[in-house]
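Letter by letter, the chains look like this.
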Amino acid sequence: MKTVQTSASSTYSASPVQQQVVRSLKKRHRQEKLFRFAGMTAVGISLLLVALLFINIFSKGLPAFWQHGIELEIHFDPAVVKISEQPVLQAGESPQAFEQRHLAWRSEVGMVNFNRLIQDALLKVIPDGAQHRRDLARIVTSGERFALRDRVIANPAIIGQTQKLFLLTDANIDVWLKGNIDRSLPDEKQQLSPKMREWVESLKAEGVIQNRFSWALFMNPDSRSSLASAGLAGAFMGSLYMMLIVILLSVPMGVAAAIYLEEFAPKNKFTDLVEVNINNLAAVPSIVFGLLGASIFIGWFNLPMSAPFVGGLVLSLMTLPTVIIATRSTLKAIPPSIRQAALGLGASKTQAVFHHVLPLAIPGILTGAIIGVAQALGESAPLLLIGMKSFVASVPSSAMEQSTALPVQIYLWQGNELRNFFEARTSAAIIVLLGLMLTLNGLAIWLRRRFEVRW
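Residues numbered from 1 in each chain as written. Predicted model: local features only at pLDDT ≥ 70, side-chain atom pairs only at ≥ 80, totals over all residues. Heavy atoms only, no water.

Looking up the chain in an unreviewed UniProt entry gives the name Phosphate transport system permease protein PstA, with the organism given as Alishewanella aestuarii B11.

(A) Broad picture of the overall build of the chain. A tally of helices and strands in the chain yields 17 helices and five strands. Here the chain has a C-alpha radius of gyration of 32 Å; the compact-globule value for 455 residues is 23 Å, and the former is much larger. The C-alpha extent of the chain, read off along each of the three principal axes, is 110 × 70 × 40 Å. By residue count, 39% of the 455 residues in the chain fall in the buried class. Of the contacts formed within the chain by residues at least 6 apart in sequence, a portion of 75% connects residues at least 24 apart. (Helix = DSSP H or I, 4+ residues; strand = E, 2+ residues; numbered from the N terminus. Rg over C-alpha atoms; globule rule 2.2 N^0.38 Å. Buried < 20%, exposed > 50% of the residue type's maximum accessible area, 1.4 Å probe, protein only. Contact = heavy atoms within 4.5 Å.)

(B) Examining a nonpolar patch on the surface more closely. A contiguous nonpolar patch, built from Trp66, Phe213, Trp215, Phe218 and Met219 and spanning about 560 Å² of accessible area, is present on the exposed surface. Residue placement: Trp215 occurs in the loop between β5 (209-213) and α8 (216-219). (Patch = residues over 30% accessible without salt bridge, like charges linked within 9 Å, V, L, I, M, F, W, Y side chains within 5 Å. Areas by Shrake-Rupley, 256 points an atom, 1.4 Å probe, with all protein chains shown as cover. Salt bridge = Lys/Arg side-chain N within 4 Å of Asp/Glu carboxyl O.)

(C) Helix α2 (residues 95-110), seen in detail. Compared with the 22 Å implied by 1.5 Å per residue over 16 residues, the 22 Å span of α2 between its first and last C-alpha is a close match. Residues of α2 that are buried sit in contact with α3 (114-125) and α5 (144-154). (Expected span 1.5 Å × (residues − 1).)

(D) Spotlight on the UniProt feature "transmembrane region" (unreviewed entry) in the chain. Mapped onto this structure's residue numbering, the UniProt feature "transmembrane region" (unreviewed entry) falls at residues 34-58, 240-261, 281-303, 309-331, 352-377 and 428-447. Structurally, residues 281-303 is divided into 74% helix and 0% strand, and its ends, taken at the C-alpha atoms, are 24 Å apart. Each end of residues 428-447 is marked by a C-alpha atom, and these two atoms are 28 Å apart; helix forms 100% of the span and strand 0%. (UniProt positions renumbered as here; feature names shortened; annotations may be inferred.)

(E) Structural detail: the UniProt feature "domain: ABC transmembrane type-1" (unreviewed entry) in the chain. UniProt tags residues 236-442 as "domain: ABC transmembrane type-1" (unreviewed entry). The span residues 236-442 is 77% helix and 0% strand, and its two end C-alpha atoms sit 20 Å from each other.

(F) Quick look at the sheet that holds β5. Pairing is antiparallel across the open sheet formed by three strands, whose spatial order is β4-β3-β5. The open sheet terminates on both sides in strands that have one partner only, identified here as β4 (162-168) and β5. Neighbour-to-neighbour, the strand axes of this sheet turn through a mean angle of 40 degrees, independent of strand direction. With five bridges joining them, strand β3 (residues 66-75) and β5 adopt antiparallel strand pairing. Looking at β5, one finds that Ile70 is bridged to Ile209. Those strands touched by α5 are β3 and β4, and its axis lies near 145 degrees from that of β4. (Pairing = 2+ DSSP bridges. Axes fitted to C-alpha atoms, helices over the stretch in contact; angles between N-to-C directions.)

(G) Local environment of the packing of aromatic side chains. Per the counting criterion, the structure on display carries eight aromatic pairs. Seen in terms of ring centroids, Trp66 and Phe213 are 5.6 Å apart; in terms of plane orientation they differ by 85 degrees. Their pairing is edge-to-face. Of the two residues, Trp66 is situated in strand β3 and Phe213 in strand β5; the sequence distance between them amounts to 147 residues. The interplanar angle of 55 degrees and the centroid separation of 5.6 Å between the aromatic rings of Trp413 and Phe422 together place this pair among those described as tilted. For Trp413, a relative accessible area of 1% gives the class buried. Judged by relative accessible area, Phe422 falls into the buried class, the value being 1%. An aromatic cluster is present here, built from Phe65, Trp66, Phe213, Trp215 and Phe218 joined pairwise through their rings. When the ring centre of Trp176 is taken as origin, the NZ or CZ atom of Arg183, which lies over that ring, is 4.2 Å away. One cation-aromatic arrangement involves Arg212 over Phe166; the distance from NZ or CZ to the ring centre is 4.2 Å. (Phe/Tyr/Trp six-rings, centres within 6.5 Å; stacked < 30°, edge-to-face > 60°. Lys NZ or Arg CZ within 6 Å of the ring centre and 35° of its normal.)

(H) Representation of helix α10 (residues 269-282) within the structure. When the terminal C-alpha atoms of α10 are compared, their 20 Å separation across 14 residues agrees well with the 20 Å that a helix rising 1.5 Å per residue should span. Those residues of α10 that fall on the buried side of the exposure criterion are Thr271, Glu275 and Ile278. Angular distribution of buried residues about the axis of α10 spans 60 degrees; they occupy a single face of the element. Across α10 from its buried face, at more than 90 degrees, point the exposed residues Lys269, Phe270 and Leu273. Looking at the buried residues of α10, the elements they touch are α9 (233-264) and α12 (308-333). Between the side-chain oxygen of the N-cap and the backbone nitrogen of Phe270 there are 3.1 Å, and the N-cap of α10 in question is Asn268. (Arc of directions from axis to C-beta. Polar contact = N/O pair within 3.5 Å; in protein donor to acceptor, adjacent residues only side chain to side chain.)

(I) Seen up close, the pairing of β3. Two strands pair when backbone bridges link them, and β3 and β4 are joined in this way by seven bridges, in the antiparallel orientation. Directly across from Glu71, in β4, lies its bridge partner Phe166.

(J) Local environment of the environment of Leu89. Tracing the backbone shows Leu89 in the loop between β3 and α2. A sequence separation of 180 residues divides Leu89 from Lys269, and the C-alpha atoms of the two residues are 68 Å apart. Those residues within four positions of Leu89 in sequence are excluded, and the remaining contacts are Ser94 and Phe98.

Right, dumping it as structure tokens:
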């Protein structure tokens, strides 16, 4: 039997039960310390992995927000830009007839050789470019001729004027100047000829070629003929249309269904079956909703493929269970005393729910709805099955026009053959998507705190 020394210098012998209690306490304390250590280790590893992920994405993506271009003095030579006067609506002319004449005029402007204007401007900064016309034509990305065309269409008065413009260089030049290519490779394996590399380095040193913030990444749609001009405008608008449809459909329907099931529906086998199916739908893989949308919305209702309207319907079906479950959980968290007090004061069941319970549940409902919308924003699998992986080189003006979405655009860019350029572009698109999702989550937190009421 163990002898214990007391503070009064007297000793007594601990009983076997006391010894067992002491050993049990020591064991429990060790287990608690081990559990805390395991928990802190798990949190530390998770934070480390998230940090590595963000560091990898941001280190590759941030440079893509800046892009090399060349500053040139473009002279809109009337000898090159030979077009008729811009049509004006005449008295008594129908809008259809005027639009037809204006379309013919725009087609006439599109036939102008704007590459000639660009090459003439390049010859001013590259004197020996006349002997290397083929290399000279590759300095500026091919899509910039359409930018000049649009300037003339917007303001034909610039014909005959000289304007200093910043034009994007070819994607291979951007890759070369950013050091994203092995410069030790032999000439036959380089995308740029020795003469082009000489010009580019010289113009960069002189400040003619500059690395500026790339507004083209946000203002231009995707492009395959002019890779340096490829942007996220079309995908962003497609995602915006889909999110508006999701908000207008899934949020009101989900909240209404949750209120009915939680507050008004009778408790019977049918409602139990409905609840079980809602919980099951929340766990269904998103690609299944894509199959459902392809077979019903496109197969039966003949809605257009690759349209944001169809994508919004599919994502609404996917988001609906999440909104219902989040809303019901919020309503269950409201103390029953709120309902009982309202009913005791003479309020009807409907008044008790909509005047007393629902205002207290608004923060949780908004949080669940916004998180559901943010989840839908990052989905790509269901969109691939309804044809939104197709290449679309325009910005949609309505939800019924063909478009793509930000997650699908990321998927398309990561498979582009010019990996040195689009690897950074893909990471930049991921940063934009993460920014939108974090903004939605931040909005959910702010709304919860803004409308939160203590009871």
